[in-house]
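Geometric and topological summary
The primary structure of each chain is shown beneath.
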Amino acid sequence: MEVQIRQVLAEHARLAVDIGTLGDRDDLYQAGMTSHASVSVMLALEDAFDVEFPERMLRKATFESVAAIKEALSELCSAAVD
Amino acid sequence: MPIEGAAAGGLRAGADLVEIAQVAESISRFGDRYLKRLFTDHEIDSCRGEPSVTAAGLAARFAAKEAAVKVLRPSAARPDWRSIEVVRHPAGWCDLHLTGEARRLAEEAGISKLALSMSHEAGMAGAVVVAVCFSD
């Protein structure tokens, strides 16, 4: 999951640095991700994992780090299985 | 006599800038999923034209939504993008129309008036939203 997340971020987050240099909890917004780029990241993650982020997850914190994204996706993917 | 910040006087302001090329790229990459997720039918219709014109108009509207969120100051999840709608009047000016969670946040903040201005130039689109509120 983390590899896919990082691939999506590399393609869509428009970071000022290589995603490979960022730790799991490093702030993606501080690394250059804009509010519009976070929309592209959200849509690309939805494509990659076949989920849809509900309105309650549309907060800055959901996409602020690799770890935060992974936590959100884990919740959505397990809900899809149940 | 010190000049107080705007927040102390019941005024809030938000501004945002968006690169038009990013919007064009998202339209190309995600198509209707992107358009329908962020924009109302009215907003999409208001921006119909050459692709470059569409992207510029939608970029300005996205900037308006983000500027409005900064004014609304949500403490939890942000309001759905389409609950903040840029309404274009026949004479050409635009206003903001809030529904759902965006409207609730505005009412909670005692926001009585909202003003919007948008522009785009040299590959960038921007918007400013100013609100008068009685809770600050």
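Everything below is about the structure shown above.
Since the structure is predicted, the reported quantities are computational estimates derived from the model, not experimental observations.

For the rest of this paragraph, the subject is the overall build of chain A. Looking only at helices and strands, one finds three helices and zero strands in chain A. Put simply, chain A runs from its N terminus to its C terminus through helices and strands in the order α-α-α. Its C-alpha radius of gyration of 12 Å places chain A within 12% of the 12 Å reference for a compact globule of 82 residues. Each principal axis of the C-alpha atoms in chain A carries an extent, and together these give about 40 × 20 × 20 Å. Here chain A holds 82 residues, and 29% of them are scored as buried.

With that settled, the discussion passes to the environment of Glu121(B). By secondary structure assignment, the location of Glu121(B) is in strand E4 (residues 111–121). Sequence-wise, Glu121(B) and Thr54(B) are 67 residues apart; in three dimensions their C-alpha atoms are separated by 14 Å.

Bringing the nonpolar core into the picture now. Counting 55 residues, the largest nonpolar core has Val41(A), Ala59(B), Ala63(B), Ala64(B), Ala68(B) and Val129(B) as its most contacted members. Of the residues forming this core, the biggest block, 13 residues, is contributed by helix H4 (residues 51–72) of chain B.

Attention now moves to the packing of helix H1 (residues 2–12) of chain A against helix H2 (residues 35–49) of chain A. Residues and elements named next belong to chain A. It is at 9 Å that the axes of H1 and H2 come closest, and there the two elements cross at 140°. Judged on the interaxial angle alone, H2 and H1 are oblique. H2 is crossed by H1, and the crossing has right-handed handedness. Where H1 approaches H2, its residues Gln4, Val8, Leu9, Glu11 and His12 are matched on the opposing element by Ala37, Ser40, Val41, Ala44, Leu45 and Ala48.

With that settled, consider the packing of helix H1 (residues 20–30) of chain B against H4(B). All names here are of chain B. At a closest axis distance of 8 Å, the pairing of H1 and H4 adopts a crossing angle of 110°. One element, H1, and the other, H4, form an angle in the roughly perpendicular class. Contacts between H1 and H4 pair Ile20, Val23, Ala24 and Ile27 from the former with Pro51, Ala55, Ala56, Leu58, Ala59 and Phe62 from the latter. Residues that form the contact of H1 with H4 fall into these classes: ten nonpolar, no polar and no charged.

Below, the discussion takes up the pairing of E4(B). Residues and elements named next belong to chain B. Relative to strand E5 (residues 124–133), E4 runs antiparallel, the two being bridged by ten bridges. Among the inter-strand pairings, Ser117 is bridged to a residue of E5, identified as Val128. The turn linking E4 back onto E5 is made up of two residues, and Ala122 within it adopts a positive phi angle of 50°.

Right, let's talk about the sheet that holds strand E1 (residues 11–19) of chain B for a bit. Residues and elements named next belong to chain B. With respect to topology, three strands assemble into an open sheet ordered E1-E5-E4, the strand pairing being antiparallel. Both edges of this open sheet fall to E1 and E4, since each of them pairs with a single strand only. Ignoring which end each strand starts from, the neighbouring axes of this sheet average 15° apart.

So, about the interface of chain A and chain B. If you look at the interface, chain A gives eleven residues, while chain B gives 14 residues. Split by residue class, the side of chain A that touches chain B holds five nonpolar, three polar and three charged.

It is worth spelling out unusual backbone geometry at this point. The phi dihedral of Asp50(A) is positive, around 55°, even though this residue is not glycine. Among the secondary structure elements, Asp50(A) is positioned in the loop between H2 and helix H3 (66–81).

Quick look at H1(A) now. All names here are of chain A. Every buried residue of H1 is listed here: Ile5, Val8, Leu9 and His12. The arc that holds every buried residue of H1, seen down its axis, measures 100°, which confines them to one face. Just downstream of H1 lies Arg14, where phi reads positive at about 55°.

Conventions used here
- Residues take numbers from 1 onward in each chain, read along the sequence in its written order.
- As they are written, the chains are lettered A onward and the ligands numbered 1 onward, keeping that order.
- Only residues with pLDDT of at least 70 get local features here, since the model is predicted, and only at 80 or more are side-chain atom pairs given and counted; chain-wide, interface and lining totals rely on the full set of residues.
- Secondary structure follows DSSP: runs of H or I at least 4 residues long count as helices, runs of E at least 2 residues long count as strands, and numbering of each begins at the N terminus.
- Note on method: radius of gyration uses C-alpha positions; expected globular size equals 2.2 Å times residues raised to 0.38.
- For the exposure call, what matters is how many other C-beta atoms sit within 10 Å of a residue's own: 20 or more marks it buried, 12 or fewer exposed, and in between partly exposed, using C-beta atoms placed from the backbone.
- For the purposes of this analysis, a nonpolar core is taken to be any set of buried Ala, Val, Leu, Ile, Met, Phe, Trp, Tyr and Cys residues that are connected through C-beta atoms within 7 Å.
- Only the stretch in contact is used when a helix axis is fitted, and all axes are lines through C-alpha atoms; the angle between N-to-C directions ranges over 0 to 180 degrees.
- Orientation categories follow fixed angle ranges, with anything under 35 degrees roughly parallel, anything over 145 roughly antiparallel, 65 to 115 roughly perpendicular, and all other angles oblique.
- Each crossing gets its handedness from the near helix: less than a right angle anticlockwise from the far helix is left-handed, clockwise is right-handed.
- What counts as a contact is two residues whose backbone-derived C-beta atoms lie within 7 Å of each other.
- Basically, the charged four are Asp, Glu, Lys and Arg, the nonpolar ten are Ala, Val, Leu, Ile, Met, Phe, Trp, Tyr, Cys and Pro, and anything else, Gly included, counts as polar.
- Pairing between strands is defined by DSSP: at least two bridges between the two strands are required.
- Directions from the helix axis toward the C-beta atoms define the arc.

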